[in-house]
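# Survey of secondary and tertiary structure
What follows is each chain in one-letter form.
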Amino acid sequence: MKRSSLLLLLALLGMSPSAPSLAVEEEIVVVVNRANPARAAGRDTLRPIFQTTRTEWYGRSVSPFNLPEDSPVRQRFDRAVLGLDPDGVARYWIDRKIRGGERPPRKVSSPGAVLRSVAEEEGGVGYVAASDVNASVKVIARIRDGQVMPP
């Protein structure tokens with residue numbers, strides 16, 4: 001009897017959700033320079049900007065900024081907007097380099113650097129965790145549960 005109770009308890013513990021699986025991923029926000037007239041942007045607008053196949057937006061040169069490849073925010077952004085995992089992103093940029101395409105977005109070291117760069121450059125566009133955003137930039141999209149949605 002004791003053995004079956006112990007096995008049942010272990011089975012129930014093994015089936016219960018662990019703490020990491022209960023964690024909710026923080027929302028990501030896509031930000032632009034405050035002078036940008038855009039009010040919202042969806043995946044179909046953001047994808048070519050971050051793949052650098054679209055270099056102008058609202059009559060201005062667009063300057064996308066990326067976090068480092070190992071950033072969890074970057075990896076979630078790339079999955080939601082580009083539809084690529086980290087290996088897919090790396091292959092995409094290798095292919096673009098071989099074919100002589102535009103260079104990748106500028107990489108900056110931190111969310112603070114994204115915000116500063118976007119705020120300083122009129123065509124700047126980037127992304128950060130929602131908790132990092134400040135009044136120096138304008139939010140034009142939110143990424144929640146892998147979906148790009150309006151602000």
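Up top is the structure these notes are about.
Residues numbered from 1 in each chain as written. Predicted model: local features only at pLDDT ≥ 70, side-chain atom pairs only at ≥ 80, totals over all residues. Heavy atoms only, no water.

## Side note on unusual backbone geometry
Even without a glycine there, the phi angle at Tyr-58 is positive, about 55 degrees. Here Tyr-58 lies in the loop between β2 (56–57) and β3 (60–61). Residue Asp-145 is not a glycine yet carries a positive backbone phi of 55 degrees. Structurally, Asp-145 is set in the loop between β7 (137–144) and β8 (147–149). (Helix = DSSP H or I, 4+ residues; strand = E, 2+ residues; numbered from the N terminus.)

## Some points on helix α5 (residues 86–98)
For α5, built from 13 residues, the straight-helix expectation of 18 Å at 1.5 Å per residue is met to within 8% by its first-to-last C-alpha distance of 19 Å. Every buried residue of α5 is listed here: Gly-88, Val-89, Tyr-92, Trp-93 and Arg-96. Around the axis of α5, the buried residues are gathered within 130 degrees of arc, so they sit on the same side. Exposed residues lying more than 90 degrees from the buried face of α5 are Asp-87, Arg-91, Ile-94, Lys-97 and Ile-98. Where α5 begins, the capping side chain belongs to Asp-85, and its oxygen is found 3.2 Å from the backbone nitrogen of Asp-87. Just downstream of α5, Gly-100 is the residue with a positive phi angle, here 75 degrees. (Expected span 1.5 Å × (residues − 1). Buried < 20%, exposed > 50% of the residue type's maximum accessible area, 1.4 Å probe, protein only. Arc of directions from axis to C-beta. Polar contact = N/O pair within 3.5 Å; in protein donor to acceptor, adjacent residues only side chain to side chain.)

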